[in-house]
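If you want the building blocks of each chain, they are given just below.
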Amino acid sequence: MSSYGLDVDIGNFDENGNPEPYYMGRMYWAAMGSFMGLAFVFRAGDYMLGWIRMRRRSSSPSHSALSRLCTTCTSLGRSLTYPTPLILRHEAFFSVPSIGRTLLAMLYFGFILALCFYKQPLKTDADWENAGFRTGWLALAQLPMVILLASRRLNIIAFLTGSSSSVSLNFFHRWVARGVVLTASLHWLYMSRGPFNLNSVLDDVNRLNSNGIGGWLVLAWLALFSSLRPLRRAFYEIFFANHILSAIVLFIVLLLHTTDYTQLKAHDYIFIALGLYIGDVVVRWIIVLFFNISFSRERPGLCRFTASVRVMPDLETMVIEISTAAARRGIRRCKWKPGQHVTISFPTVAPFTSHPFTVSSLPKDEKMLFVVRVKTGFTRTLLNKTLAASREIEEDKDEQQIGVAAAPMVTATASFPVLVDLPHGGPTRDWNQFETVLAVVSGVGATFAFPVIRDVLCQARASQVKMIWIVKRYADIGHFEEQLRAVIAEQTERVLDVQQQLNPHGAKLQNEAADHHQGRSNLSLHIDIFISDCATEPTTTSIGSLSEFLNAHADIIHLVASKPSDLRGDIGRVLEQAAGETGVAVCGSASLSAQVKNVVAAVLNGGATNGCWVHSEQFQA
């Protein structure tokens, strides 16, 4: 058996041919590296296929044997991994993940257990001790993976695998952390020489065991109890602060616990995890400071941007607007892709906190536009601050109008300095490579869909664009009136652009150019809005009546005064009628994402489509 902590030269296997405990940590990272390398190969192949399609004037599918083979394989894989069981689902507490994520989580835990039990006899006390060292090393080896999955700027996994969705990364971050708890629990069990015995634990309170028990308690609190979904959703700021502080305590306890094993490099995994986290924070703050410090003489200082916050009449929705006109050129220019998020910090409202929001505008608008639903925590604080600031402004204006009754405060506007991070996340594929683009969203999930649709209309490579939008009230449509008008403007500009491509005598262009512009003119755009409650009156804005706008474009925007009765049929018909591959954007609750993926999987199983890819975002991760 090996001599742990002693200055001896030992190999990767003991005298009986069994692998040394620290060697299993290396095997873990060899397997993880191989998996990420394989995922990178698939991502590179997918990128090349998308690049080839984007190079063509049309996004119509290729009829080559290689293209058909790729479509068949990807359709089969997605039909098996997309389905999500709709059982035992209560979004506030628990929801069953998709089959693909479930299989990956099971495969990961099976791999971890295989490393724990491979060639590990349990006949003598020395065998139990050896098993304890092995599971302890595996627990340490997983720490860098946990940090990598939680990183924002140094997320190597997102780059290699192409999984930039925060929902997927957070899911695997939590399950890898639970893998750490599993191996740490086995480590505790084996080192106690058998089944758990409270008396033996209390009698043997030396430095290593006391630190180990403390570390396990902190780990269980960090990864299991304090990270439960109801607590995360109800008290996110408290959850986040507790997460950071508990992680710091855990690293300190682990460093003390592994002091006698420094010669076997037990500290390496801890220092790597710490380095990854500190590096991610430092890089993030360097980017934030560089991007936000103003060097202009008119307004020098830290906050380069100012956010205008508008409270909607329902007092449940806010529209945040940040002008980027001054940052449209140079190395610090603002540029983002449709569907990406931007992390914003309001130093005067909630210092030391930042929150990601999806940008619902395009860079050419020279502003970042966010539509935010007011919940608890930061958004509620921002709402109250905006109402208070607007009330002070109104009082200053009306302080001389004595005896005039003031109208109830139902809307408000205020400006705050903000720190803006660079965009991150979003889809890994360009929506313009698809023949058909379908967006299925609910409520404020439209913030994700509108920039995608506008970008597709600008490029005009697709032949069909459809949006299914589910809202509770008519007033919810008014929150996105600016985005709706922008979509109609893009459609009108596209039609005019096609007409301008014709020569003055009306003769069409020849050959490929004629086909390309004919395809642009034949692009179909439909927006179906399902309203659960139509009792509220249409809102009227300074731009004009929303109802008049909707009626004027009834050929594109269809209002349905009910919940979608046949969502499966609506999605299925779009997929079955698609001429080429379809890109589906989903943003809403977890149940909506599950329903859409189940429909897509059913259509793929039936072979009634030329391929379909789904990107989903959720309100709560």
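Here is what the cut-offs are and how they apply
Residue numbers restart at each chain and count upward from 1, following the sequence in its written direction. Two thresholds apply to this predicted model, a pLDDT of at least 70 for residue-level local features and 80 or more for giving and counting side-chain atom pairs, whereas whole-chain, interface and lining totals are computed over all residues. To obtain the side-chain values, all non-hydrogen atoms of the structure were included, while hydrogens and water were left out. Only runs of H or I of at least four residues qualify as helices and only runs of E of at least two qualify as strands under DSSP, and these elements are numbered from the N terminus. Think of it in three bands: residues with accessible area under 20% of the maximum for their type are buried, residues over 50% are exposed, and the middle band is partly exposed, with areas taken using a 1.4 Å probe on protein chains only. It only takes one pair of heavy atoms within 4.5 Å for two residues to be counted as in contact. Surface exposure here means Shrake-Rupley accessible area, sampled with a 1.4 Å probe, where a residue is shielded only by the protein chains that are shown. The rule for pairing is simple: two strands pair if DSSP sees at least two bridges between them. For every element, the axis is a line fit to its C-alpha atoms; helices are fit only across the contacting stretch, and the angle between N-to-C directions ranges from 0 to 180 degrees. Patch construction takes residues with relative accessible area above 30% that form no salt bridge. Like charges are linked within 9 Å, and nonpolar side chains (Val, Leu, Ile, Met, Phe, Trp, Tyr) are linked within 5 Å. For this analysis, a salt bridge means a side-chain nitrogen from Lys or Arg found within 4 Å of a carboxyl oxygen belonging to Asp or Glu. Oblique is the label for any angle not under 35 degrees, not over 145, and not in the 65 to 115 range, which are roughly parallel, roughly antiparallel and roughly perpendicular in turn. Under this grouping Gly is polar, as are all residues other than the nonpolar Ala, Val, Leu, Ile, Met, Phe, Trp, Tyr, Cys and Pro and the charged Asp, Glu, Lys and Arg. Residue count minus one, scaled by 1.5 Å, sets the expected span of a helix. Put simply, a crossing is left-handed when the front helix is turned counterclockwise from the back one by less than a right angle, and right-handed when it is turned clockwise. Throughout, nonpolar core names a set of buried Ala, Val, Leu, Ile, Met, Phe, Trp, Tyr and Cys residues whose side chains join them through atoms within 4.5 Å. One confidence number per residue, pLDDT, is output by the predictor and ranges from 0 to 100.

(A) Just the overall build of the chain, in detail. Helix and strand counts for the chain stand at 20 helices and 12 strands. By residue count, 47% of the 621 residues in the chain fall in the buried class. The contacts in the chain between residues at least 6 apart in sequence include a share of 76% that link residues at least 24 apart. With an accessible surface of roughly 30500 Å², the chain has 61% of that area assigned to carbon and sulfur atoms.

(B) Structural view of the sheet that holds strand E4 (residues 355–358). Strand order across the open sheet formed by six strands is E4-E3-E6-E1-E2-E5, with antiparallel pairing between neighbours. A single partner strand is all that each edge strand has here, and the edge strands are E4 and strand E5 (367–373). Mean inter-strand twist for the sheet, computed between neighbouring axes without regard to direction, equals 40°. Note that strand E3 (residues 341–345) and E4 share four bridges and pair antiparallel. Looking at E4, one finds that His341 is bridged to Thr358.

(C) Representation of a nonpolar patch on the surface in the model. A contiguous nonpolar patch, built from Tyr47, Met48, Leu49, Trp51 and Ile52 and spanning about 510 Å² of accessible area, is present on the exposed surface. Within the fold, Trp51 resides in helix H1 (residues 21–55). Classification of Trp51 as partly exposed rests on a relative accessible area of 41%.

(D) View of the packing of H1 against helix H5 (residues 143–150). Here H1 crosses H5 at 30°, and the two axes come no closer than 11 Å. In terms of axis orientation, H1 runs roughly parallel to H5. When H1 is examined against H5, the residues Tyr28, Trp29, Met32 and Met36 are found in contact with a partner set consisting of Pro144, Met145 and Leu148. Across the contact of H1 with H5, the residue classes tally to seven nonpolar, no polar and no charged.

(E) Molecular detail of helix H20 (residues 590–606). With 17 residues, H20 should reach 24 Å at 1.5 Å per residue; the first-to-last C-alpha distance of 25 Å fits that figure. Of all 17 residues in H20, 12 are buried, a share of seventy percent or more. Taken together, the buried positions of H20 are occupied by Ala590, Leu592, Ser593, Ala594, Val596, Lys597, Asn598, Val599, Val600, Ala601, Val603 and Leu604.

(F) Just the pattern of salt bridges, in detail. For the coordinates displayed, the defined rule picks out 18 salt bridges. Notably, a salt bridge pairs Asp280 with Arg284, separated by 2.6 Å at the nearest N-O pair. With Asp280 and Arg284 both in helix H12 (residues 267–292), this residue pair falls four residues apart, about one helical turn. Summarising the burial analysis for this pair, Asp280 and Arg284 share the class buried. A salt bridge links Glu482 to Lys367; the nearest nitrogen and oxygen atoms lie 2.4 Å apart. Remark: Lys367 occurs in strand E5 and Glu482 occurs in helix H16 (residues 481–500); sequence separation between them is 115 residues. With relative accessibility at 31%, the residue Glu482 sits in the partly exposed group. Residue Lys367 is classed as buried on the basis of its relative accessible area, which comes to 16%.

(G) Representation of the environment of Phe117 within the structure. Structurally, Phe117 is set in helix H3 (residues 99–117). Exposure remark for Phe117: the relative accessible area of 45% places this residue in the partly exposed category. Sequence-distant contacts of Phe117, defined by excluding residues within four places in its chain, comprise Arg134 and Tyr190.

(H) Layout of the packing of helix H19 (residues 567–577) against H20. Running from N to C, H19 and H20 cross one another at 45°; their axes reach a closest spacing of 10 Å. Here H20 runs oblique to H19, going by the angle between their axes. Both H19 and H20 take part in a crossing whose hand is right-handed. Contact residues: Leu567, Arg568, Ile571, Gly572, Leu575 and Glu576 in H19; Leu592, Gln595, Val596, Val599, Val600, Ala602 and Val603 in H20.

(I) Spotlight on the nonpolar core. Within the largest apolar cluster, 64 residues are counted, with the highest numbers of intra-cluster contacts made by Trp431, Met467, Trp469, Leu484, Ile557 and Ile571. Looking at which element gives the most residues to this core, the answer is helix H14 (residues 446–459), with eight residues. With residues up to four places along the chain from it excluded, the contact list for Trp431 reads Val437, Phe448, Val452, Val456, Gly583, Val584, Ala585, Trp613 and His615. Leu140, Leu186, Tyr261 and Ala273 belong to the second-largest nonpolar core, a separate cluster that totals 46 residues.

(J) Looking closely at the pairing of strand E9 (residues 524–533). As paired elements, strand E8 (residues 464–473) and E9 share nine bridges and run parallel to each other. Directly across from Gln464, in E9, lies its bridge partner Ser524.

(K) How the structure looks around the confidence of the model for the chain. Here the chain averages 80 in pLDDT, while 78% of its residues score no lower than 70. A low-confidence stretch, residues 1–9 stays under pLDDT 50, and its non-local contacts, those more than four residues away or across chains, total 19 contacts. A low-confidence stretch, residues 508–520 stays under pLDDT 50, and its non-local contacts, those more than four residues away or across chains, total 15 contacts.

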